[in-house]
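So the chains spell out like this:
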Amino acid sequence: MANEGPNWDGLLKWSIKHSDVTRPTRNLSEEDKRWFMEAMQAQTLDVVKRMKEITQVMQTPEKVLEEQGVTPSDLEGMLDELQEHVESIDMANDLHSIGGLVPLLGYLRNTHANIRAKAADVVTTIVQNNPKSQQLVMEANGFEPLLTNFTSDPDVTVRTKALGALSSLIRHNKPGIAAFRLANGYAGLRDALSSESVRFQRKALNLIHYLLHENDADCHLVTELGFPRIMLHLASSEDGEVREAALKGLLQLTKDENNGKLNAGEEQEKLKQVLQERVKNIAEMSADDLVAAREERQLVDSLWSACYNEPSTLREQGLLVLPGEDAPPPDVASKHFEPPLRALAAKSSSTDGIASTEKKQPTPLLLAPPSNSHGGSASSNDGPQQSDVP
């Protein structure tokens, strides 16, 4: 059966037959079990075999492939297929075992921009929510070519894809975050925010949110690098996602007690102008646009309240909470700056010393967060998400 390939039609019919909830359950016969296991094993063997074949191609010198008539388009299609295979976390981890990870990382240096971009896409799939593959890529020196492509590739698509791969590589990966900081990755993010590519800007803003969420001490660093000025500019972007992401970033920096630059002088005056402009534009939105801009409305109000200790005029105009929306609006700031477990710990510590005569409340049962699953959604997740829309 493995030689002929899996019988997908038969497997589908078998699955439907045995998932009919209207029929009484029955034990599978040994013949049914054997048939099902053979079908699944044949598919697994086919995928591993195909991944080995793709690995052989990636190990072949580019000049030899050209002599054999293999085009860059052919290689892109091959990488597309590989990406489908490694969507399975087991197959993603197996790629290293069969010798395919190192040549894949080598494709990040390919002379063709489309292949460099596609290779980064495959790396993103491999490392996303996958600590084992994150470690394997770091050990195989995959961080360096990704950083190089992100910061200095002449093709903006390659830079964007490399940033997406880097973002997935260093999330929940302390050695990766440390390497990014040491390599002056924040300077690359600043350049990305200053680019003309909306997709590049979105990815950069999403990664900035995550990094500041993980280490609020970096707020001072990004302020010194001039991020507030760029974010103030992006807060007036025509792209709604960029606007919201920029406003989130400004809110993060505003909440930093040690960040004096954004809360005083020229930066504060510019922020006030931007927020007033956003209030005016929101007031002129159509009903549908107002609904779509719900998070932006909340961010504008939160920023105004944080900077000026008073509610924005969105509340007075009845634009903060529309009819049919929940009231009061969600606390946008706290969900970025005070994770639930940290808040609970702070609440618990604040009750220390209370007289023992008070009735002791039962300790709430904490449910562990679900384990990361491969291919889960930048978005995310812990802290600000990676909403890297390709």
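Everything numeric here is computed off the predicted structure, so don't read it as measured data.

Give me the lowdown on the pattern of salt bridges, citing residues and values where you can.
Within this structure, the stated rule accounts for 13 salt bridges. Residue Asp121 is joined to Lys118 by a salt bridge in which the shortest nitrogen-to-oxygen separation is 3.8 Å. Of this pair, Asp121 and Lys118 both sit in helix H7 (residues 113–127), three residues apart, which is roughly one turn of that helix. Of the two residues, Asp121 and Lys118, both sit in the buried class. With its nearest N and O atoms 3.3 Å apart, the salt bridge here joins Lys161 to Asp121. Taken together, the residues Lys161 in helix H10 (residues 156–170) and Asp121 in helix H7 connect sequence positions 40 residues apart. Sharing partners across several salt bridges, the network here consists of Asp80, Lys118, Asp121 and Lys161.

With reference to specific residues and values, describe the packing of H7 against H10.
For any two helices packed against each other, the geometry is given by the interaxial angle and the distance between the axes. Contact geometry of H7 with H10 gives a least axis separation of 8 Å together with a crossing angle of 15°. As summarised for this structure, H7 and H10 are arranged roughly parallel, according to the angle between their axes. Relative to H10, the crossing made by H7 is left-handed. Only Thr157, Val158, Lys161, Ala162, Gly164, Ala165, Ser168 and Leu169 of H10 make contact with H7, whose side of the interface consists of Ala113, Arg116, Ala117, Ala120, Asp121, Val123, Thr124 and Val127.

Lay out the side chain of Thr223 in plain terms, naming residues and giving numbers.
Along the polypeptide, Thr223 turns up in helix H14 (residues 218–224). Separated by 2.8 Å, the side chain of Thr223 and the backbone oxygen of Cys219 make a polar contact.

Quick notes on the rules
- Residues numbered from 1 in each chain as written.
- Predicted model: local features only at pLDDT ≥ 70, side-chain atom pairs only at ≥ 80, totals over all residues.
- Heavy atoms only, no water.
- Salt bridge = Lys/Arg side-chain N within 4 Å of Asp/Glu carboxyl O.
- Helix = DSSP H or I, 4+ residues; strand = E, 2+ residues; numbered from the N terminus.
- Buried < 20%, exposed > 50% of the residue type's maximum accessible area, 1.4 Å probe, protein only.
- Axes fitted to C-alpha atoms, helices over the stretch in contact; angles between N-to-C directions.
- Parallel < 35°, antiparallel > 145°, perpendicular 65-115°, else oblique.
- Left-handed = near helix turned anticlockwise from the far one by under 90°.
- Contact = heavy atoms within 4.5 Å.
- Polar contact = N/O pair within 3.5 Å; in protein donor to acceptor, adjacent residues only side chain to side chain.

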